[in-house]
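An overview of the molecular structure
Below are the chains, spelled out letter by letter.
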Amino acid sequence: MEMLNSTDLTRETAIQTAQNEVVLNAAYINGDWVTIAALATDSGDASFDNTNNHALYDPNSGEVIATTRLCTSTHVEQAIAAADEAFSGWSQTSVSERARYLNAIAESMDQQFDKLVGLSILNNGKPIEEAKIDVGDAIACYRYYANLITEQATWSKVSTLESGIRLLKTYSPVGICALITPWNFPMVTTSWKLAPALAAGCTVLLKPSEVTLLPELMLGNILSEIDLPKGVVNILPGAAEVGTAMTSHPLIDKVSFTGSNIVGEKVMVQAAKGIKDISLELGGKSAIVVCADADIDYACDLIIGGIFTNAGQICSATSRLVVHQDIATQLFDTLKVKTESLQIGDGFATETQMGPLVSEQQLNQVKKFFDIATAENLDCLTGGQLLEASGYFVTPTVYTNVPTTSQLWMEEVFGPVLVSTTFTDNAEAIRLANDSKYALAATIVSADETKALEMALQIKAGHIWINEQQIVLPEAGWGGFKQSGIGRELGGDGLSAYQKSKHVLLTD
C-alpha cells in the first residue's frame, strides 16, 4: 500500500465542510432540499423524543460529528411523485444530453475532490489514499457511462433467417428505480448504480446508507449546481423504513440493492410484489489461491491488500487464503511480519495503512468472530484483538489451519480477518476456493499464467484477479454467482440492468 503525501486534508477542514456545505435535516426531492420536520411532540409523555435525531460518527474517535433527522415513508411518496412526473421528459432526452449531465457530475466531483475525500475519511474512517481512490473511481464511473451511452446505437439490425422482413432492436429505460447503497464505499457504489440509471433514461430514488451520509449528501448540491432536471434524482437519507417503502411501492419499476444477504432476502420479497426488476449485490467469502511457484513476498502483498484494505469491509475481500503446502511455512512467516508492520490509525494521518471499522456495531460484529475463533481453538498467527484506543479499531488478524467447518471459514466477517488452509494440487485448490455459499470474486497468484487461467475457468466467481491487486474498472462487469447476488453492475452489463430491449419487425 503506497502512501502518497497529503497536507491539505485534515479533520478540521473536513469538519468545516460538513458544517458549511452538507445539508442536514433534509431530503433532496424534486430538485430542492426539503426540510425533515421533527416528530410531533407528545405532550402527555415528558420523555418523548421529538428531535428524531440520527448521529453521524467519526470512527477514529467514536465521537459524534453531527446529527441529522432521517426522512420517512411520507418523503418516499413525495419523491416517487417527483420521479414519476419527471420520467416522461427525462426518458426522452437525447443520449448526448444525458451524457452531458453525467460528465457535469464528474467535473463537479473533480473540482470538489479534496472535500469529498475529507468527508469520506471523517465519516467512514478510510485512510487518505483509499478515500482518494474511491472518489477517483466514482468520477471515472460517471465519465464511463457518459461515453458508453453515446456509443450505443439507437437502432441495431438483428440477423434473421426469414426473408422479406427486417428485425431491429432498440432499448428503453426500465422506469423509476429505487437505489439502495451501503456504507463501505460511499460515492463509489452510488456511482455504480446512479450513472447507468441516468444514462439509460431512468429516474431515481436514492437511499444512501444512514451511517455515511456526509459524503453522500454532497451529491444533492452537485445536482442542483449542474441544473439536472427536477425529479430525475431524489436523495432520501433514511433507515430501513424508507428502504421498505421504496422497494414495495407499486410505482417503482426496478430495485437495485447492495448490502447483506439478510436484508437482500427481505428486499427480494418486497420487490416481488408487482414483479419489479431487481439487482442484488450481496455477500462474499472470496478465496485467494497462492500456488507453489508464486513469489512469496509479492503474494503476501496481494493477500494483505485483499483483506486489510478498508479494514476488510469489502464484499469482495479475499478473506480465505488457500496456499500450497510446499510454501506455506515460508509464506506465513513473511505474512506475519508484513501484517504486524501495518500502520493502524487515523485515516487523516498520511502514514496510516489501515483505519478503524466504520461503527460500533461493526466493531461488535468482528469481536463476535474473535470470540468464535477462541471457542473453536483456531490457530491465531497474529491479531485477534480489539485495540485499546478511542474509536473502532481492531488488529489485522490471520488464522491458520482453519477447518472448512469453522464458522470463520463459512461466514462473512466483514472485517480485517483472514482464515487460511493449505492444498497439495490444483484440483484441491479449486475445490477449496469453491467451498462457499458465496461466489463473488477470487485471486490467483502463480508464475504460470496459463495454469492460472485454467484455474480461473474452474473457480466459480464473477471477477477474478491473477497476480494483481483488487483493481475494479468501470469497463468490467461486477457481480457474482450463488448467494453473492443477482445481476451485474459496471460495464455494458451495468447499463443493460437499467434498460429493456425492444424489437421492431418491418417489411424489407
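Residues numbered from 1 in each chain as written. Predicted model: local features only at pLDDT ≥ 70, side-chain atom pairs only at ≥ 80, totals over all residues. Heavy atoms only, no water.

Some points on the overall build of the protein chain
Scanning the protein chain for helices and strands turns up 16 helices and 22 strands. For 508 residues, the compact-globule estimate of 2.2 N^0.38 gives 23 Å, and the C-alpha radius of gyration of the protein chain, at 24 Å, lies within 12% of that figure. Considered along the principal axes of its C-alpha atoms, the protein chain spans approximately 80 × 65 × 45 Å. Taken over 508 residues, the protein chain has a buried fraction of 55%. Put simply, of all contacts in the protein chain between residues at least 6 apart along the chain, 74% involve residues at least 24 apart. Averaged over its 32 positive side-chain charges, the protein chain has a centre that lies 8 Å from the centre of its 59 negative ones. (Helix = DSSP H or I, 4+ residues; strand = E, 2+ residues; numbered from the N terminus. Rg over C-alpha atoms; globule rule 2.2 N^0.38 Å. Buried < 20%, exposed > 50% of the residue type's maximum accessible area, 1.4 Å probe, protein only. Contact = heavy atoms within 4.5 Å. Lys, Arg positive; Asp, Glu negative; His and termini not counted. Charge placed at Lys NZ, Arg CZ, Asp CG, Glu CD.)

Considerations on the packing of aromatic side chains
Counted under the stated rule, the structure contains six aromatic pairs. Note on Y28 and W33: the rings are 5.2 Å apart at their centroids and 70° apart in plane angle, and the pair reads as edge-to-face. Taking relative accessible area as the criterion, Y28 reaches 3% and is therefore assigned buried. Judged by centre distance (6.1 Å) and plane angle (50°), the rings of W465 and W478 are tilted. With W465 in strand β19 (residues 463-466) and W478 in the loop between β19 and β20 (481-482), this pair connects stretches of sequence that are 13 residues apart. (Phe/Tyr/Trp six-rings, centres within 6.5 Å; stacked < 30°, edge-to-face > 60°.)

A word on the environment of F113
Of note, F113 is situated in helix α4 (residues 113-124). C-alpha of F113 to C-alpha of L331: the two residues are 218 residues apart in sequence and 39 Å apart in space. Excluding residues within four positions of it along the chain, F113 makes contact with K132, V135, G136 and I139.

Section: the sheet that holds strand β22 (residues 499-507)
What links the strands of a sheet is backbone hydrogen bonding, and the strands pair in either a parallel or an antiparallel sense. One open sheet accounts for three strands, arranged β5-β6-β22; its pairing is antiparallel. Of all the strands in the sheet, the pair left with one neighbour each is β5 (156-158) and β22. Sheet twist, expressed as the mean angle between neighbouring strand axes with direction ignored, is 35°. For strand β6 (residues 165-173) and β22, the ladder comprises nine bridges, and the chain directions are antiparallel. Bridging across to β22, R166 finds its partner in L506. (Pairing = 2+ DSSP bridges. Axes fitted to C-alpha atoms, helices over the stretch in contact; angles between N-to-C directions.)

A word on the side chain of T68
Here T68 lies in strand β4 (residues 63-69). Ignoring anything within four residues of it in the chain, the contact list for T68 reads L24, N25, N52, N53, H54, L56 and L213.

Digging into the sheet that holds strand β14 (residues 379-382)
Here seven strands make up an open sheet; going across it, the order is β14-β15-β16-β13-β12-β18-β19 and the pairing mixed. The outermost strands of the open sheet, each flanked by one partner alone, are β14 and β19. Averaged over neighbouring strand pairs, the angle between their axes works out to 25° when direction is ignored. Bridge analysis of strand β13 (residues 320-324) against strand β16 (residues 417-423) gives five bridges, and the strand direction is parallel. The partner of H324 across the bridge, within β16, is F423. On top of the sheet, helix α14 (residues 426-433) reaches β12 (287-290), β13 and β16; it is set at about 150° to β16, its chief contact.

Focus: the nonpolar core
One finds Y145, V290, L321, L331 and L335 to be the most contacted residues of the largest nonpolar core, which totals 132 residues. The element contributing the most residues to this core is helix α5 (residues 128-151), with twelve residues. Setting aside anything within four residues of it in sequence, one finds V290 in contact with A299, I303, L321, V322, V323, H324, I327, L331, F423 and V445. I180, M246, V255 and A271 belong to the second-largest nonpolar core, a separate cluster that totals 25 residues. (Core = buried A, V, L, I, M, F, W, Y, C linked by side-chain atoms within 4.5 Å.)

Re the pattern of salt bridges
Inspection of the entire model under this criterion finds 20 salt bridges. R143 is the salt-bridge partner of E107, the closest N and O atoms lying 3.5 Å from each other. Taken together, the residues E107 in helix α3 (residues 95-111) and R143 in helix α5 connect sequence positions 36 residues apart. We classify E107 as partly exposed; its relative accessible area is 36%. Classification of R143 as partly exposed rests on a relative accessible area of 35%. (Salt bridge = Lys/Arg side-chain N within 4 Å of Asp/Glu carboxyl O.)

Focus: the layout of surface pockets
Roughly 1,300 Å³ of volume is contained in the largest pocket. What lines the largest pocket is a set of 41 residues, among which W183, F257, G259, S260 and V263 lie closest to the centre. Contributions of two or more residues to the lining of the largest pocket are made by α8 (240-247), β10 (254-258), α9 (261-272) and α12 (360-375). Per element, the largest residue contribution to the lining of the largest pocket is six residues, and it comes from α9. A class-by-class count of the residues in the lining of the largest pocket yields 17 nonpolar, 16 polar and eight charged. (1 Å grid on protein atoms, 1.4 Å probe; cavity = no way out; pocket = protein on both sides within 12 Å on 5 of 7 lines; lining within 4 Å. Points joined across faces, edges and corners; volume = space filled by probe spheres on them. Nonpolar A, V, L, I, M, F, W, Y, C, P; charged D, E, K, R; others polar.)

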